[in-house]
Amino acid sequence: MVLLSDTHLPKRAKDLPPALWADIDAADLVVHAGDWVDLATLDAVAARSASFVGVRGNNDGPEFDDRLPLVARVAVEGLRFAVVHETGQAAGRERRMAAAYPDVDVLVFGHSHIPWDTVAPGGLRLLNPGSPTDRRRQPDHTWMRCTVSGGSLDVELVRSPPRS
């Protein structure tokens, strides 16, 4: 499984990193947590994905309204995932999201462009893959590779240095 968010194409970059495209091609599921900015990116990612789940973000215009929900849900080998774009401020995020999504095991979110991997009291895991195109205050562009096996989730943060 591949998790990504905040692609912001073609505004922040002309394309996704080649290593991310390779991960998308190889993944059994691709999850995008919003802020696509253009429909061409949505169409390209969906076309190259064996299976795809995505949501729209705050920078996605009205053309996304009929294509993507604000919240998506999917079960993977018994783990219940929800996908959203925004979760509010970092302070208190785990508690707020655990209350908002009591029936979920993993919440994938975006918006901040800052990678995040924490567990809320009660067990909800929160994952933000960062951004593969707009690193903001981060040293690298990022996305996540995940494996679900036997009800457990293994997560790897992939770092792609900025192009010179």
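Provided above is the structure to which this section pertains.
All of the points below concern the structure found in this document.

Rules and cut-offs
Residues numbered from 1 in each chain as written. Predicted model: local features only at pLDDT ≥ 70, side-chain atom pairs only at ≥ 80, totals over all residues. Heavy atoms only, no water. Pairing = 2+ DSSP bridges. Helix = DSSP H or I, 4+ residues; strand = E, 2+ residues; numbered from the N terminus. Axes fitted to C-alpha atoms, helices over the stretch in contact; angles between N-to-C directions. Contact = heavy atoms within 4.5 Å. Buried < 20%, exposed > 50% of the residue type's maximum accessible area, 1.4 Å probe, protein only.

Strand order in the open sheet made by the 5 strands is β4-β5-β6-β8-β7, with mixed pairing throughout. In the strand order of this sheet, the two ends are held by β4 (72–76) and β7 (116–119), each with one partner. Strand-to-strand twist of the sheet, defined as the mean angle between neighbouring strand axes without regard to direction, takes the value 20 degrees. Relative to strand β8 (residues 125–128), strand β6 (residues 106–108) runs parallel, the two being bridged by 3 bridges. Across the sheet, the residue bridging to Val106 is Arg125, located in β8. Helix α3 (residues 93–100) contacts β6, β7 and β8 of the sheet and is inclined by roughly 70 degrees relative to β7.

Attention now goes to the pairing of strand β10 (residues 152–160). Pairing between strand β9 (residues 141–149) and β10: 9 bridges, direction antiparallel. From the neighbouring strand, Arg145 faces β10, where its bridge partner is Glu156. Taking the residues that link successive antiparallel strands as the turn, the β9-β10 hairpin has 2 residues, and the phi of Gly150 there is positive, at about 60 degrees.

By the secondary structure assignment, Gly150 is in the loop between β9 and β10. A sequence separation of 93 residues divides Gly150 from Gly57, and the C-alpha atoms of the two residues are 32 Å apart.

Our next topic: the pairing of β4. Bridge count for β4 against strand β5 (residues 79–83) is 5 bridges, and the pairing is antiparallel. Its bridge partner lying in β5, Arg73 is registered against Ala82. Between β4 and the antiparallel strand that follows it, β5, lie 2 residues; Glu77 among them carries a positive phi value of about 45 degrees.

Let's shift gears to the side chain of Asp23. With respect to the helices and strands, the residue Asp23 is situated in helix α1 (residues 18–26). The class of Asp23 is buried, set by a relative accessible area of 14%. The residues contacting Asp23, other than those within four sequence positions of it, are Val2, Trp143, Arg145 and Val158.

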